[in-house]
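Spelled out, the chains give:
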Amino acid sequence: MTGYRELAEVVLGLLPADVQFGDIRVVRRTHEQVLVELDGPGEVNYDDSLGLGLRVLIGGQWGFAATHRLDPQGLDAVVGQAVGQARAAGGGRVVLGEPVTTRDTWSSPMVVDPFTVPLSTKLDLLSATVKEASTAGPLVQQIEASVDFYRDEKVFANTEGAMIEQTLTESGGGLMVNAGDGNDVQRRSFPQGVPRQIRGQRGDFATAGFEHVLSLGLPENAARVASEAVALLSAPQCPDEVTTLVAGSNQLAMVLHECAGHPMEADRALGTEASLAGGTYATPERRGNFRWGTPIVSAYADATIPGGLGSFKYDDEGTPAQRTQLVKDGIFTGYMSSREYAGALGGQSTGQARADGWQRLPLVRMTNICLEPGESSLDEMIAGTKRGILVDTNRGFSIDDQRMNFRFQTEIGWEIRDGKVGRMLKNCTYQSDTPTFWGSLDALGGPDEWRVHGVPSCNKGEPLQVAHVGHGTVPGRFQKVQVGR
């Protein structure tokens, strides 16, 4: 990051005297994507972007501008735009709380730098994965195997004295298989699904190096995953009934994301954010008294988890990463916040201000949203179920604009009869509302089954910002859930 620190100091030195507060982020983002499809050549995409974002506070109102022009004319222009915007807005009431004065340098840990691994190694891994998946037979119509690698090199500085250099390296990969027989099409993904149709950026991600991709076992699982896609074509439909639902750790990650993550963002609770996800049931008067779930469920946001895709040392306001309790013993207890929204709620930032690159304003975003593990296990939940279904791998969802009522679809399911897993089921769905669903939870997997799922596609804001988040979850069992409708 040679020269980035000096660049930040130059811009802060250009600010006029009536600026109450200013911060600057100089960010270089590198992204490499390698993708191999069935009967297709390998595809490689490489992006490298460098620029800066400047935020100023004048008269209690924000101004923000960004530029990729790092010459003197570009720096003068970005200062003029941000300052002009704040002065024109006027009359704000932003309160930031305690100053941030940290000076530090930090890089996320990794074993193998993914940007030093030869392209041929990545193509060989994905080609082997596709080859194994193709052994499932002629009903396999589409195979997509991909890996993605990100590096953010950031310098953050503010007028309070902070100067932080931070480098984040993220790695991930996955497999998607579609099978069809002329009457039906079914999909299986590994290690996890994605909530929307995108090329690449599939699978499981971590703040780590190439060793994370190798740990996924893509070639080793490819034939099984493809065979499941084919088997789903002839599987019976998920029944329409109220029954016991056992959800895998992978599936509960997305439920937690939508039922606790987005609703407990402070900007949404205070009514200044509604794009893409609407408002929230988690309004301030409900904090501390709203029954979110049974007493065995507690949830938290934690940006300090080693390797979590939502992990870092400092957020994009220079606030240290930390753990924030969101639900305690079934009661909604707290919010994720930035300095501004913590100030509006009368507290200190919980360190969740994050921006999708240099050209975007920091928003309140999830980090790693996690369930505290319970005392059961997936095998024990199944053995203790007389009749129900087991579901996993999210395929899609819908949720209302207050994050209360929802319907999830999964890629695969199995019936449970007399404590044993039975037939495979297709087109599994379940619906409920947030407090009823989590209020029906009667068992959670133990610490041995707890793992963090890295999701690189959390959307929020206008213009759209994509955040990389993690979810630490275990399998869970829920009673009297409507499925198959």
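The text that follows walks through the structure, step by step, so that each part is easy to find. Since we're looking at a predicted model, the values are computed, not measured.

**Quick word on the overall build of the protein**
Secondary structure assignment for the protein yields 10 helices and 23 strands. A compact globule built from 485 residues should have a C-alpha radius of gyration of about 23 Å, and the protein, at 23 Å, falls within 12% of that. In terms of its C-alpha atoms, the protein occupies a principal-axis envelope of roughly 75 × 55 × 35 Å. The buried share of the protein, reckoned over its 485 residues, is 60%. Restricting the contact set of the protein to residue pairs at least 6 apart, pairs at least 24 apart contribute 75%. Taken as a whole, the protein presents about 18,200 Å² of accessible surface, with 50% of it coming from carbon and sulfur.

**Observations regarding the packing of aromatic side chains**
The final tally for this structure, using the stated rule, is 14 aromatic pairs. Taken together, a centroid distance of 5.6 Å and an interplanar angle of 25° make the contact between F397 and F408 stacked. Taken together, the residues span a long stretch of sequence, with F397 in strand β16 (residues 387-399) and F408 in strand β17 (residues 405-417) at a distance of 11 residues. Aromatic pair F406 and F408: ring centres 5.3 Å apart, planes at 65°, arrangement edge-to-face. The two residues F406 and F408 agree in class, both being buried. Taken together, the ring pairs connect W292, F397, F406, F408, Y430, F437, W438 and F478 into an aromatic cluster. For the cation-ring pair, R55 lies above W62, with the distance from its terminal atom to the ring centre recorded as 4.0 Å. Stacked on the ring of Y300, the Lys or Arg R323 has its end atom at 3.6 Å from the ring centre.

**What to know about the sheet that holds strand β21 (residues 451-460)**
Taken in spatial order, the six strands of this open sheet run β12-β11-β10-β15-β22-β21, and their pairing is mixed. Among the strands making up the open sheet, the edge pair consists of β12 (331-332) and β21. Summarising the sheet, β21 and strand β22 (residues 465-473) pair through eight bridges and their orientation is antiparallel. Across the sheet, residue C458 finds its bridge partner in β22, namely A467. Along the sheet, helix α6 (residues 249-261) contacts β10 (299-302), β15 (368-371), β21 and β22; its crossing angle with β22, the most-contacted strand, is approximately 120°.

**Let's talk about the pattern of salt bridges**
In the structure shown here, the tally under the stated rule is 31 salt bridges. Among the ionic pairs, R202 bridges to E144, the shortest N-O distance being 3.1 Å. With a gap of 58 residues between them, R202 in the loop between β7 (185-190) and β8 (204-206) and E144 in strand β5 (residues 140-158) connect regions that are remote in the sequence. The salt bridge involving R188 is made with E411; its shortest N-O contact spans 3.1 Å. Linking R188 in strand β7 with E411 in strand β17, this pair joins segments that are 223 residues apart in sequence. The exposure class of E411 is buried, given its relative accessible area of 0%. Taken together, the shared-partner salt bridges in this structure form one network comprising R187, R188, R224, E228 and E411.

**Some words on unusual backbone geometry**
Going from F190 to P191, the amide bond is cis rather than trans, its omega being -5°. Of note, P191 is situated in the loop between β7 and β8. Omega for the peptide link from E462 to P463 comes to 0°, which places this bond in the cis form. With respect to the helices and strands, the residue P463 is situated in the loop between β21 and β22. Its identity is not glycine, yet T393 carries a phi of approximately 70°, on the positive side.

**With respect to the packing of helix α3 (residues 119-133) against helix α5 (residues 218-233)**
Where α3 contacts α5, the axes come no closer than 7 Å and their chain directions differ by 25°. Of the possible angle classes, the one that applies to α3 and α5 is roughly parallel. Every pair of crossing elements has a handedness; the one defined by α3 and α5 is right-handed. Where α3 abuts α5, its residues L125, L126, A128, T129, E132 and A133 lie against L218, P219, A222, A223 and A226. Residue composition of the contact of α3 with α5, grouped by class: nine nonpolar, one polar and one charged.

**Describing α6**
A bend of about 25° at V255 is the largest found in α6. A large share of α6 lies buried, amounting to 13 of its 13 residues.

**Things to note about the side chain of T280**
Note on placement: T280 falls in the loop between α7 (266-269) and β10. Owing to a relative accessible area of 3%, T280 belongs among the buried residues under this scheme. A polar atom in the side chain of T280 sits 2.8 Å from the backbone oxygen of P263. With near-sequence residues (within four places) excluded, T280 lies in contact with P263, R268, A269, D401 and Q402.

Thresholds applied
Per chain, residue numbering runs from 1 following the sequence as it is written. It should be noted that, the model being predicted, local features are given only for residues of pLDDT at least 70 and side-chain atom pairs only at 80 or more, the latter also being counted only at that level, while totals for whole chains, interfaces and linings use all residues. Values shown for side chains rest on all heavy atoms present in the structure; no hydrogens or waters enter the calculation. Every helix listed is a DSSP run of H or I at least four residues long, and every strand listed is a run of E at least two residues long, numbered separately from the N terminus. The quantity called the radius of gyration is restricted to C-alpha atoms. Its globule counterpart is 2.2 Å times the number of residues to the power 0.38. Exposure classes here rest on a 1.4 Å probe applied to the protein chains alone. A residue is buried below 20% of its type maximum, exposed above 50%, and partly exposed in between. By definition in these notes, contact holds between two residues if any of their heavy atoms fall within 4.5 Å. Computed with the Shrake-Rupley method and a 1.4 Å probe, the accessible areas treat only the protein chains shown as cover for residues. Pairing of aromatic rings covers Phe, Tyr and Trp, the last through its six-membered ring, and needs centres within 6.5 Å; plane angles under 30 degrees mean stacked, over 60 mean edge-to-face, and all others mean tilted. A ring is scored as having a charge over it whenever the NZ atom of a lysine or the CZ atom of an arginine sits within 6 Å of its centre and within 35 degrees of its normal. Strands are labelled as partners when DSSP assigns at least two bridges between them. Note on geometry: axes are C-alpha line fits, over the in-contact stretch for helices, and angles between N-to-C directions span 0 to 180 degrees. Take a side-chain nitrogen of Lys or Arg and a carboxyl oxygen of Asp or Glu: if they are within 4 Å of each other, that pair is a salt bridge. Any angle that falls under 35 degrees is termed roughly parallel, while one over 145 is termed roughly antiparallel, one within 65 to 115 roughly perpendicular, and all others oblique. Put simply, a crossing is left-handed when the front helix is turned counterclockwise from the back one by less than a right angle, and right-handed when it is turned clockwise. Side-chain classes are defined by residue name, with Ala, Val, Leu, Ile, Met, Phe, Trp, Tyr, Cys and Pro counting as nonpolar, Asp, Glu, Lys and Arg as charged, and the others, Gly among them, as polar. Given a residue, its bend is the angle between the two axes fitted to the seven residues that end at it and to the seven that start from it. Contacts described as polar in this section are N or O atom pairs within 3.5 Å, which, within protein, must combine one atom able to donate a hydrogen with one able to accept it, while residues neighboring in sequence count only if both atoms come from side chains.

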